[in-house]
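Descriptive analysis of the structure
Take a look at the letters that make up each chain.
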Amino acid sequence: MSISTGSSRRVLEKGPSGWLAAPALVFFLLFAILPLLGVLFLSFTKWDGLGEIKLDGLSSWTTVLTDPVTGNALLVTAKIMFFSFIVQAPISLLLGVFTSASQKYRAALAVLYFVPLLLSSAAVAIAYKALLDPNFGLGPGLGLPFLAQDWLGNSDLVLFVVVFVIAWQFVPFHTLIYQGGVRQIPASLYEAAQIDGAGRMQQFFAITLPQLKYTIITSSTLMVVGSLAYFDLVFVLTGGGPGYATRLLPLHMYLTGFKANDMGAASALGVILVVIGLALALILQRLGGKNRNASQLEGA
Amino acid sequence: MASTTQLPVPPARRAALSDKQDHKHGPRSKRTKGPGRFRPNYLGGLGGWLWLAVIIVPIYYVVVTSLKNQAGFFTSNPMMPPSEPTLDNYKLVLENDFAMYFVNSLIVTVGSVVPALFVSFMAAYAIVRGKGRFLAWTNNTFLLGLAIPLHATIIPIYWMITKAHLYDTLLALILPSIAFAIPISVLILSNFMRDVPNELFESMRLDGCSDWAMMWRLALPMTRPAVVTVGIYNALGVWNGFLFPLILTQSPSTRVLPLSLWTFQGEFSVNIPAVLASVVLATLPLLVIYVVARRQLLSGLTAGFSK
């Protein structure tokens, strides 16, 4: 660099004013951070959503922590998180690798793969509700006894139906992430491996997987933390039922607050949700050995 | 193997190149043939077609059923096209204020995405180009937003919106949607902006350019793919959003499309073909956009999240 005189150096080192970040920060503090403190505050109050808010000590917390439905909601959330990760992660990884190579028919397939990305969760849920209807849906219509179950009314099956529908909607998104990851792997690695006589499987495990490390962390974090926000889909598909079989934590929070009109207890559930989300994100970052931001900077 | 993992990742902005460029030029053209290009990948192909079936069957079912009349729905094979296709279901949906819900969705989406892009872009510019503790703290605050399930904050948001007398207005949906779009927008935009060579900013600075001018004349054109990505991603999120409308609005005049599907389902629960027609109608606008702008959309989203 040829610039060395004192005055021009000062000109160059003058960064932009922090004020440029202010509008975004204000919005975010007002509608995300302030409510975050608000939900903590409300968890110590009694409020029906309409009347006055009264301080009520720990009673909401006692209610929530002694209520067996809370434990059940945690369990359901954990199950859905676990199973949807187990189902989605390998499928989206393999599809991402598969579609990253662009032969003609793969390109055509990939166009259709991403259609579910466009659908709202409400639309997806309504479509599946019709499709799985025990009287008029796909199974009874085709006369297939295996398919003709009361999928959404059977508390043993319904969880897996929810996992399947979640995968249907979200695998395309994660496929896209992996596709981008694979496209950044230098071609020279594969060429070298081929010269060394490595087969496809060997190339996958020795090059593709290790190179995708940060993609896997990003996708997994989004998948796991995202499963704390599977609200719309489950709300429209099952409403949390039958019984409490699919009543996830966010859904339980909504129903407690806006249907049972106990905003104090719902806020306590909200706080639990935040704590779990933060803990999961931190654990995943530790597992990755680097924090998310640093891994993002890697390629820059 | 250890050495392969340490090979430098190519500049991530490459991924922002469109698919088209991909095939024709550059060092990546070889790679498009993909790993293991000597033998066809039968297993991958099989899996690929299998997943296609999983994707297509429900979509096909929805479209076919939406074209059936009630009688046809009850009697015919669910996978067979209707013997007498009818658009009556679509007519019914359109007569039920579909246009108004569509316009509401449009207002909320544009009203959220444009301001969110604007403020996020300025913040990303300040974070990348600026120094100091305030900006570092700001950046960390946004990163925190990525780790927190922000939906947990709906109760205080409901409280604030009610207190501000905004309940049951479209503005009630727009304000929190802007806030929720900011963390991911700033992250993606700042990641892209870091790749803009410093020398460009420095020479503009020496020419006496203000930050405002550098932002719009240099940073914006250089990060256009990221801006498009962020815009599309947020637009999809807001357009399909369900929770805020469910909690913050009430009357039909403020209803948005996803919520209208749900209420329509309640009103016409016996008329499944009509309900599915409303699903098709609500998805159609996005499908049209997808068909027109697919390349840009997919390459943008891929690049945005693979960094």
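Residues numbered from 1 in each chain as written. Chains lettered and ligands numbered in written order. Predicted model: local features only at pLDDT ≥ 70, side-chain atom pairs only at ≥ 80, totals over all residues. Heavy atoms only, no water.

**Observations regarding the overall build of chain B**
Defined as follows: Only runs of H or I of at least four residues qualify as helices and only runs of E of at least two qualify as strands under DSSP, and these elements are numbered from the N terminus. Here the term buried applies to any residue with accessible area under 20% of the maximum for its type, exposed to any over 50%, and partly exposed to those in between, with areas from a 1.4 Å probe on protein chains only. Contact criterion: two residues are considered in contact whenever any of their non-hydrogen atoms come within 4.5 Å of each other. Only the protein chains shown count as cover for residues, and all accessible areas are computed by the Shrake-Rupley method using a 1.4 Å probe.
Broken down by element type, chain B carries 15 helices and 0 strands. Residues counted as buried form 55% of the 307 residues belonging to chain B. Looking at chain B alone, contacts between residues at least 24 apart form 72% of all its contacts between residues at least 6 apart. Entry remark: accessible area of chain B is about 13700 Å², with carbon and sulfur atoms responsible for 66%.

**Overview of the interface of chain A and chain B**
Definition in use: Buried area counts how much accessible surface, traced with a 1.4 Å probe, disappears from two parts once they are put together, with both parts' losses summed. Basic side-chain nitrogens of Lys or Arg form a salt bridge, by our definition, when they fall within 4 Å of a carboxyl oxygen of Asp or Glu.
Contact residues are listed per partner, giving 119 residues for chain A and 121 residues for chain B. Approximately 10700 Å² of surface area, both sides summed, lies buried where chain A meets chain B, with 75% of it carried by carbon and sulfur atoms. Of all residues in chain A, Leu-118, Gln-184 and Arg-200 of chain A bury the most surface against chain B, accounting for 8% of the area lost on that side. The interface formed by chain A and chain B includes 0 salt bridges.

**A few points about the packing of aromatic side chains**
Put simply, the rule reads: Aromatic pairing here means that ring centres of Phe, Tyr or Trp (its six-membered ring) are within 6.5 Å. Orientation follows from the plane angle: under 30 degrees is stacked, over 60 is edge-to-face, and everything else is tilted.
Going through the model one piece at a time under the given rule, you end up with 28 aromatic pairs over all chains. Note on Phe-235 of chain A and Trp-262 of chain B: the rings are 5.3 Å apart at their centroids and 45° apart in plane angle, and the pair reads as tilted. Of this pair, Phe-235 of chain A sits in helix H12 (residues 232–237) while Trp-262 of chain B is found in helix H14 (residues 257–267), placing the two residues in two different chains. Given the relative accessible area of 27%, Trp-262 of chain B is considered partly exposed.

**A word on the pattern of salt bridges**
Applying the stated criterion across every chain, the model contains 1 salt bridge over all chains. The closest approach of N and O atoms between Asp-211 of chain B and Arg-205 of chain B, which form a salt bridge, is 3.1 Å.

**Quick word on the side chain of Thr-254 of chain B**
Residue and element names in this part refer to chain B. Just so we agree on the cut-off: Whenever two N or O atoms come within 3.5 Å, that pair is a polar contact, provided that in protein one can donate a hydrogen and the other can accept it, and provided that, for residues adjacent in sequence, both atoms are side-chain atoms.
Its location among the elements puts Thr-254 in the loop between helix H13 (243–248) and H14. A distance of 2.6 Å separates a polar atom in the side chain of Thr-254 from a polar atom in the side chain of Asp-168. Beyond its immediate chain neighbours, meaning those up to four positions away, Thr-254 contacts Asn-104, Asp-168, Thr-169, Leu-170 and Thr-249.

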